[in-house]
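Take a look at the letters that make up each chain.
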Amino acid sequence: MAIDAKRRSGYINSMLNDDLLAEILNKVDRKEDRKSFSEVCKQWLRVERLTRTSLRIRGHMFPLDLLTKFPNLVDFRTTRELTKKRKRQNKKSWYYPPTDPRLEFIAKTCPKLETFMASLYDTRQVQGDGHLGTKGLRALGIGCPKLSSLMFWGNQVVGNAGVDALFQSGHNLKSLHLKDIYLISDHAFRAIGSSSISILELTRCRNVTDVGLGFLANGSTSKTLKKLILKRCEGITDTGMQHLVNMRSLEHLELACLKHVTDIGGTAISTIQTLRELKLCKLWKLSERTVVALAENCRNLEVLALYRIWLHEPVTGASIHSFSRHKCLKYLSLYGFSNLDQSDVEIVLGCPSLESLVLDKSLTGNFRLMHGNSARRVVKFESFCDSFPQFMPTVW
């Protein structure tokens, strides 16, 4: 029986060559199914690796030599350091060796790479300009000509010199995401502002200030940047918002927890005529003045999400009445607007283009008597959610 089973297995493998197996596997999307496929036999494991386009490393140290088994990777993400920590000669402290050889190996092994993510949170002080060396990052930009999306998360993962090296060597970069990195400052934005990226996200980058946004607004990115996300960047003020007025292609803007932005910055944002999608979250110093300015000035706005944008002066229902005359607005969400009543909502529903009005779920009881099928179809009640509404088709 065992011999017959082996013969049948050999017969099947002789009929299913690597090309045919690869064609079959390309139609398998679920991660669990691909894993099961790879466990059938060595041939199927090899084919699964050859056709794999994405790889995410978690947990323990990953031997990079195995990357030679995945020559067609386009998406590589790691949440672990690329080198093992070693003890210094005095044996009193630990350190991480330079990562340049590792990055150079990735560039040589995965030339089709389009997305690269490195996430490393470490309290130990690193020498130089971050865990990822400048020489290695430059090699990554040169060796992976299709590299377009970069994600760096962690307090010391990369510094100004590393970002500068990447943007000098990588000529197809379109998306950059920086999170919790205190080594990045305005200096890095000289190189970023001279690029042609279309997406930029900054989260908790405490050393980025209005000066950095000025480099974006006055460089070549003023013509190419379409999506900008700024969260918890303490160095950004109204001056930075005024810089954004010079952005000529900005369509999607998200601002969250910028404690120094006031109505001066909010009014400036309202004059960006290219904006299609705008989310303002926990900007405590904004008031009705900004809400009215957005309704009257942002004439091409299609999606607007306002999440608890005041602290001392509650925004009243009268401030949203201006949206009834808007010609393009399709989606409006108002979380934390506790002063709304049914008459305010009915006025907003006069907006001819409005497809969805989302209100705080706590207001459900105030609108039980709302009449009309169209009103019930448009108005929705949801709990507060920090993610941007995804019902709209976008270019991202």
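All of these numbers come straight from a predicted model, not from anything done at the bench.

## Re the state of the cysteines
Next up, step 1: For the structure shown, the criterion picks out 0 disulfides.
Next up, step 2: Unpaired in terms of disulfides, Cys110 finds its nearest cysteine sulfur in Cys144, a separation of 6.9 Å.
Next up, step 3: Residue classification places Cys144 among the buried positions, given a relative accessible area of 1%.

## Regarding the nonpolar core
Next up, step 1: Among the nonpolar cores identified, the biggest contains 89 residues, and Phe76, Phe116, Phe152, Met241 and Leu357 are the most heavily contacted of them.
Next up, step 2: Ranked by the residues each element gives to this core, the list is headed by helix 8 (residues 188–193), at 4 residues.
Next up, step 3: Among all residues touching Leu357, those that are not within four sequence positions of it are Leu332, Leu334, Val345, Val348, Leu349, Val378, Val379 and Lys380.
Next up, step 4: Of all hydrophobic cores here, the second largest spans 8 residues; its members include Val303, Ala305, Tyr307 and Tyr335.

## Overview of the packing of aromatic side chains
Next up, step 1: Applying the stated criterion to the full structure yields 3 aromatic pairs.
Next up, step 2: Taken together, Phe76, Phe116 and Phe152 form an aromatic cluster joined through their ring pairs.
Next up, step 3: For Lys279, the ring lying beneath its charged end belongs to Tyr307, and the centroid distance is 5.1 Å.

## With respect to the pattern of salt bridges
Next up, step 1: Taken as a whole and judged by the stated rule, the model has 4 salt bridges.
Next up, step 2: Its salt-bridge partner being Arg204, residue Asp180 comes within 2.5 Å of it at the nearest N-O pair. In this pair, Asp180 sits in the loop between strand 7 (175–179) and helix 8 while Arg204 sits in the loop between strand 8 (199–203) and helix 9 (210–218), placing the two residues 24 residues apart along the sequence.
Next up, step 3: By relative accessible area, Asp180 is classed as buried at 16%.
Next up, step 4: Taking the shortest distance from any N to any O, the salt bridge between Glu251 and Arg276 comes out at 3.4 Å. Of this pair, Glu251 sits in the loop between helix 11 (238–244) and strand 10 (252–256) while Arg276 is found in the loop between helix 12 (263–269) and strand 11 (277–281), placing the two residues 25 residues apart along the sequence.
Next up, step 5: The network of salt bridges with common partners includes Glu251, Arg276 and Glu302.

## Considerations on the confidence of the model for the protein
Next up, step 1: Looking at the protein as a whole, its pLDDT mean stands at 80, while 73% of the residues score no less than 70.
Next up, step 2: Within the protein, the lowest mean pLDDT, 46, falls on strand 4 (residues 94–95), and the highest, 97, falls on helix 11.
Next up, step 3: In this model residues 388–396 is a low-confidence stretch, pLDDT under 50, and it forms 25 contacts with partners more than four residues away in sequence or in other chains.

## Some words on the environment of Lys112
Next up, step 1: In this fold, Lys112 is placed in the loop between helix 5 (100–109) and strand 5 (115–119).
Next up, step 2: Taking the C-alpha atoms as reference points, Lys112 and Val74, 38 residues apart in sequence, are found 5.5 Å from one another.
Next up, step 3: In this view, Lys112 contacts Pro71, Asn72, Leu73 and Val74; residues no more than four positions away in its chain are not counted.
Next up, step 4: At 2.6 Å, the side chain of Lys112 and the side chain of Asn72 are in polar contact.

Parameters and conventions
Residues numbered from 1 in each chain as written. Predicted model: local features only at pLDDT ≥ 70, side-chain atom pairs only at ≥ 80, totals over all residues. Heavy atoms only, no water. Disulfide = S-S within 2.5 Å. Buried < 20%, exposed > 50% of the residue type's maximum accessible area, 1.4 Å probe, protein only. Core = buried A, V, L, I, M, F, W, Y, C linked by side-chain atoms within 4.5 Å. Helix = DSSP H or I, 4+ residues; strand = E, 2+ residues; numbered from the N terminus. Contact = heavy atoms within 4.5 Å. Phe/Tyr/Trp six-rings, centres within 6.5 Å; stacked < 30°, edge-to-face > 60°. Lys NZ or Arg CZ within 6 Å of the ring centre and 35° of its normal. Salt bridge = Lys/Arg side-chain N within 4 Å of Asp/Glu carboxyl O. pLDDT = per-residue confidence, 0-100. Polar contact = N/O pair within 3.5 Å; in protein donor to acceptor, adjacent residues only side chain to side chain.

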